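Here are the chains, one letter per residue:
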Amino acid sequence: MRSCSAWTNNSKIPITGESIDNVQNKELSIYNRSIDDLNQLVYTNDDKDSNDIGKIINIRSSNKEVEIDLLPLINIIEVVGIDSSGNQSSKLIKIGKDTEKPSLQLKYPTTAAGNYTNRVVTSSPEDIRIEGVVEDVGSGIDYIKWKNLNTNQEGVINTIGEWKIEGIKIEKGKNDIEIIAVDKVGNHSNKSIHTHIFDDTR
């Protein structure tokens, strides 16, 4: 996970704020330094917002909302205010755009050869465990949720990297266990484990 003031999975983000001056505000400009050519920041006195999407947005009012296009991952947004005397001040904010699902891998249960399998057939109704690895290069992992769809047993763990879930109850017959990894902006990945306990007393 990378450090940002805020994360979103939207392609644009609204920017709001207030510019206050003891004389008079002349102009307020907002642009995405991750998109724009840093040498092309030009201030104008246009009454309208710029129609050049992703470039400079100029607003004359002291309190207004505008939308900024975002690139994947880190975006550096700069807000520059200029008063009627030509004095200026600026603020920077980092906004992250994350539209990618978390990486969710299961490592256990395994076969007798030690290879991962998502299907378990057994005659023993013992609790099972599931192990895996979860990563997210954007906003970061929020939680991992699991549920046995046949028994309705469920739980949540908060972790990153390697994880383990133990004590999952299974019953005779079919058991479908779903694992969902969710990142901090709501993107999610799913995996399933299928177990079948057969009756060996017949």
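Residues numbered from 1 in each chain as written. Predicted model: local features only at pLDDT ≥ 70, side-chain atom pairs only at ≥ 80, totals over all residues. Heavy atoms only, no water.

### Digging into the layout of surface pockets
Put simply, the test is: The distinction between a cavity and a pocket rests on a 1 Å grid over the protein atoms alone: a 1.4 Å probe fits inside a cavity but cannot get out, while a pocket stays open yet meets protein on both sides within 12 Å along at least five of seven lines, and a residue with an atom within 4 Å of a point counts as lining. Grid points are joined across faces, edges and corners, and a volume is the space filled by probe spheres set on the points.
When its volume is computed, the second largest pocket comes out at roughly 190 Å³. Around the second largest pocket, the lining is made up of 12 residues, and of these Tyr108, Pro109, Val120, Asp127 and Ile128 lie nearest the centre.

### Thoughts on the side chain of Thr195
Where we set the bar: Where helices and strands are cited, they refer to DSSP runs of H or I of at least four residues and of E of at least two residues respectively, numbered from the N terminus. Exposure categories follow from relative accessible area, calculated using a 1.4 Å probe and restricted to protein chains: below 20% of the type maximum is buried, above 50% is exposed, and the middle band is partly exposed. Two residues form a contact once any of their heavy atoms are found within 4.5 Å.
Take Thr195: it is sitting in strand S15 (residues 188-197). Given the relative accessible area of 3%, Thr195 is considered buried. What Thr195 contacts, discounting residues up to four positions off in sequence, is Val120, Ile128, Ile170, Gly173, Lys174 and Asn175.

### Some points on the environment of His196
Relative to the elements of secondary structure, His196 occurs in strand S15. Once the C-alpha coordinates of His196 and Thr122 are considered, the two residues, 74 residues apart in sequence, prove to be 6.4 Å apart. Not counting chain neighbours up to four residues away, the residues in contact with His196 comprise Val120, Val121, Thr122, Gly173 and Lys174.

### Digging into the nonpolar core
Heads up, the rule is: For the purposes of this section, nonpolar cores are sets of buried Ala, Val, Leu, Ile, Met, Phe, Trp, Tyr and Cys residues that join through side-chain atoms within 4.5 Å.
Counting residues in each nonpolar core, the largest one holds 18 residues, and the members touching the most others are Ile130, Val134, Ile144, Trp163, Ile168, Ile177 and Ile179. Put simply, the parts of the chain that give this core at least two residues each are strand S8 (103-108), strand S10 (128-135), strand S11 (141-148), strand S13 (161-168), strand S14 (173-183) and S15. Setting aside anything within four residues of it in sequence, one finds Ile144 in contact with Val134, Gly155, Val156, Ile157, Thr159, Trp163, Ile179, Ile180 and Ala181. Membership of the second largest hydrophobic core comes to seven residues, among which are Ile15, Ile30, Ile68 and Leu70.

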